[in-house]
Amino acid sequence: MANQALPSRKGNKKALMVAPPVVSVIMGSKSDWDTMKAASEILTEFGVAHECRVISAHRTPELLTGFATTAEARGIEVIIAGAGGAAHLAGVTAAQTILPVLGVPIESKALHGMDSLLSIVQMPGGIPVGTLAIGSAGAKNAALLAVAIMAGKRASLRGKLKSYREKMKRKAAEDTLP
Ligand code: RP5
């Protein structure tokens, strides 16, 4: 679902049946996809309509402003933003929307993601970014948190979250060592 285009409204029956996205997964670079696909996989598993897009705070700042200022009107409810290095994508997005923004620090080569983590987590008071773990675990948990946020108003998502936890619990209890 990377760079998924919005559903076409021009007589394409299949496209018309595609639900508009309620979660937006954005990332600073195509190179972040290996990490961020974990978020998309979870959202797909829970049946949450979402879009995945490359938007960079420093390479495409105008695109980011356009995205952040129109996301709410497009029906987006949660934004997941993954970025690495001097990772300002989540913060700059949060500055331009009141939607909840969840930041995923990408594991950078130079500093193993500590730079990304500190850049995302140390938001000055006033503009919050919910920061997850470095790497794929963070991307996965960002999606699960997005589902939990949306589950408040959706009984079906609450049910799916409970089943997901039950399945995890059963698997952990049944795990045997080699
Ligand atoms: C950030 O710079 C991206 O989020 C990415 O993690 C990092 C490196 O980007 P590339 O040079 O691989 O495009 O903006």
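Keep in mind that this is a model prediction, so the values were computed, not measured.

J.: Please explain the layout of surface pockets as it appears in this structure.
T.: In this approach a probe as big as a water molecule rolls over the atoms, and the regions it shows empty are the leftover space. Volume-wise, the largest pocket comes out at about 240 Å³. If you trace the largest pocket, you find 19 residues lining it, with Ser29, Asp32, Ala83, Gly84 and Gly85 closest to the centre. Each residue belonging to the lining of the largest pocket can be placed in one class, and the counts come to 7 nonpolar, 9 polar and 3 charged.

J.: In this structure, what is going on with the packing of aromatic side chains? I would like to understand it.
T.: To describe a pair of aromatic rings, one takes the distance between the centres and the angle between the planes. Under the defined criterion, the tally for this structure stands at 1 aromatic pair. Judged by centre distance (5.4 Å) and plane angle (50 degrees), the ring pair of Phe46 and Tyr164 falls under tilted. Of this pair, Phe46 sits in the loop between helix 2 (33–45) and strand 2 (50–54) while Tyr164 sits in helix 7 (residues 155–174); the two residues are 118 residues apart in sequence, bridging distant segments of the chain. Assigned by exposure class, Phe46 and Tyr164 land together as buried.

J.: Mind showing me how you'd approach helix 6 (residues 136–151) here?
T.: End to end, helix 6 covers 22 Å across 16 residues, agreeing with the expected 22 Å (1.5 Å per residue, within 8%). Among the residues making up helix 6, those that are buried are Gly138, Ala139, Ala142, Ala143, Leu144, Ala146, Val147, Met150 and Ala151. For helix 6, the elements touching its buried residues are strand 1 (23–27), helix 2, strand 3 (78–83), strand 4 (101–105) and helix 7.

J.: Any chance you could explain the site of the ligand here in plain terms?
T.: Contacts to the ligand come from Gly28, Ser29, Ser31, Asp32, His58, Arg59, Ala83 and Gly84. Side-chain polar atom of Arg59 to an oxygen atom of the ligand: 2.9 Å apart, as the coordinates give it. Contact between the ligand and Gly84: an oxygen atom at 3.1 Å from a main-chain N or O atom of the residue. Summarising the interface, the protein chains cover 66% of the accessible area of the ligand, which totals 360 Å² for the free molecule. Among the detected pockets, the ligand sits in the largest pocket.

J.: Would you explain the confidence of the model for the chain in this entry?
T.: Low pLDDT marks regions whose predicted coordinates should not be analysed in detail. In the predicted model, the chain carries a mean pLDDT of 92, and the fraction of residues at 70 or more is 90%. Taking the mean pLDDT of every element in the chain, the minimum, 49, falls on helix 1 (residues 13–17) and the maximum, 99, on strand 4. The low-confidence segment residues 1–15 (pLDDT under 50) makes 21 contacts with residues lying over four places distant or belonging to another chain.

J.: I keep staring at a nonpolar patch on the surface and nothing clicks. Help me out?
T.: The grouping of Leu111, Met114, Leu118 and Val121 at the surface amounts to a nonpolar patch, some 350 Å² of accessible area in total. For Leu118, the location among the structural elements is in helix 5 (residues 114–121).

J.: Help me out: how do you make sense of helix 5 in this one?
T.: Three- or four-residue spacings in an α-helix give side chains the same orientation, since the helix completes a turn every 3.6 residues. Within helix 5 the residues assigned to the buried category are Asp115, Ser116 and Ile120. Along helix 5, the residues classed as buried sweep out an arc of 120 degrees about the axis, all on the same side. The secondary structure elements touched by the buried residues of helix 5 are strand 3, helix 4 (89–94), strand 4 and strand 5 (130–131).

The rules behind each value
Residues numbered from 1 in each chain as written. Predicted model: local features only at pLDDT ≥ 70, side-chain atom pairs only at ≥ 80, totals over all residues. Heavy atoms only, no water. 1 Å grid on protein atoms, 1.4 Å probe; cavity = no way out; pocket = protein on both sides within 12 Å on 5 of 7 lines; lining within 4 Å. Points joined across faces, edges and corners; volume = space filled by probe spheres on them. Nonpolar A, V, L, I, M, F, W, Y, C, P; charged D, E, K, R; others polar. Phe/Tyr/Trp six-rings, centres within 6.5 Å; stacked < 30°, edge-to-face > 60°. Helix = DSSP H or I, 4+ residues; strand = E, 2+ residues; numbered from the N terminus. Buried < 20%, exposed > 50% of the residue type's maximum accessible area, 1.4 Å probe, protein only. Expected span 1.5 Å × (residues − 1). Contact = heavy atoms within 4.5 Å. Near = heavy atom within 4 Å. Polar contact = N/O pair within 3.5 Å; in protein donor to acceptor, adjacent residues only side chain to side chain. Areas by Shrake-Rupley, 256 points an atom, 1.4 Å probe, with all protein chains shown as cover. Sits in = over half its atoms within 2 Å of the grid points. pLDDT = per-residue confidence, 0-100. Patch = residues over 30% accessible without salt bridge, like charges linked within 9 Å, V, L, I, M, F, W, Y side chains within 5 Å. Salt bridge = Lys/Arg side-chain N within 4 Å of Asp/Glu carboxyl O. Arc of directions from axis to C-beta.

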